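# Examining the three-dimensional arrangement
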Amino acid sequence: NAGVTQTPKFRVLKTGQSMTLLCAQDMNHEYMYWYRQDPGMGLRLIHYSVGEGTTAKGEVPDGYNVSRLKKQNFLLGLESAAPSQTSVYFCASSRQRPNTGELFFGEGSRLTVL
Amino acid sequence: GQQVMQIPQYQHVQEGEDFTTYCNSSTTLSNIQWYKQRPGGHPVFLIQLVKSGEVKKQKRLTFQFGEAKKNSSLHITATQTTDVGTYFCAGPQGAQKLVFGQGTRLTINP
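Note that the coordinates shown come from a computational prediction; the quantities given were computed from them, not determined experimentally.

### A look at the state of the cysteines
- Evaluated as defined, the whole model comprises 2 disulfides over all chains.
- Paired by a disulfide, A:Cys23 and A:Cys91 hold their sulfur atoms 1.9 Å apart. The chirality of the disulfide connecting A:Cys23 with A:Cys91 is left-handed, given an S-S dihedral of about -75°. Taken together, the residues A:Cys23 in strand E3 (residues 19–25) and A:Cys91 in strand E9 (residues 87–94) connect sequence positions 68 residues apart. With respect to class, A:Cys23 is no different from A:Cys91; both count as buried.
- Between the sulfur atoms of B:Cys23 and its disulfide partner B:Cys89 the distance amounts to 2.0 Å. Judged by the sign of its S-S torsion, about 75°, the cystine formed by B:Cys23 and B:Cys89 is right-handed. Taken as a pair, B:Cys23 in strand E3 (residues 19–25) and B:Cys89 in strand E9 (residues 85–93) lie far apart in primary sequence, 66 residues in all.
- Assessed through its relative accessible area of 2%, B:Cys23 is described here as buried.

### So, the pattern of salt bridges
- Scanning all chains against the criterion turns up 5 salt bridges over all chains.
- Measuring nitrogen to oxygen at the nearest pair gives 3.7 Å for the salt bridge that ties B:Lys56 to B:Glu54.
- In this structure, B:Arg60 and B:Asp83 form a salt bridge, with 2.8 Å as the shortest nitrogen-oxygen distance. Residue B:Arg60 is found in the loop between strand E6 (55–58) and strand E7 (61–65), and its partner B:Asp83 is found in the loop between strand E8 (71–76) and E9; the two are separated by 23 residues along the sequence.
- For B:Asp83, a relative accessible area of 5% translates into the label buried.
- Linked through salt bridges whose partners overlap, the residues forming this network are A:Arg36, A:Asp38 and A:Arg44.

Here is what the cut-offs are and how they apply
Residues numbered from 1 in each chain as written. Chains lettered and ligands numbered in written order. Predicted model: local features only at pLDDT ≥ 70, side-chain atom pairs only at ≥ 80, totals over all residues. Heavy atoms only, no water. Disulfide = S-S within 2.5 Å. Helix = DSSP H or I, 4+ residues; strand = E, 2+ residues; numbered from the N terminus. Buried < 20%, exposed > 50% of the residue type's maximum accessible area, 1.4 Å probe, protein only. Salt bridge = Lys/Arg side-chain N within 4 Å of Asp/Glu carboxyl O.

In short, the description is geometric, and any link to function would need to be established separately.
See below:
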C-alpha cells in the first residue's frame, strides 16, 4: 500500500499562475483534508471532505478550491497564486471521523510563489 | 472557534535529558491526538487519549490527558537523537475537523 500520495512534491510558480495539487489515497478512507504548514503556525486546515462529492471549508480556505470527484482523490487548486501561498501543503486522510480516528499524512508538497 | 495552544515553541536539550511539551485547549475536548514530524518529513500519528486523567506510555514517552479534558502533555524520558522533530497535539473541532497546535520543535545536542 502506498498510503497517501501527493503530487507534485515541489513546484515554483509565478504570481498569478494557477496549479493543482493532487492527493491520492489507497486506503478507501472517507475523510480527506488539505493542510498548510508555515513556520510557527503549525498545521492549518484549508479544506476537507467527508466523502466522495463533498467538500467544506476549513480555517484558511481563501484563495483555494477543492474537488473530490472520486473517493480516492482530493484535488487542491490555486486559481491565481500569491506569494502568501508559499508553504508546505499536506494532504491527509482518515477512515473514521477525526474525533475518533487518526489521520494519515502524505509526504507534502512544497510550493514557492515568486 | 476552538484553539489549541502548545508550549514551548522550541526546546533544545542535551541527549539524555528529559523533555516535556504542553497542550491547552480553550474548550473541553472529546479526545486529543499527538503526532511527530521528523525534520523534512510528514506528521505521523503517535497516540490518542480519550478518558479524563488518562495516562499512556510508549517506551520513553508518557502522554497525559487532563482531568478537565482541556490540557495534555507529552513527556520524553532520557531523550535520544532519534527523538528530534516537531511534536504536535491536535483536538477535534466538531466531528469532522482536527485542529492542530503550533507544535514544539525539539532539538538535541548529542
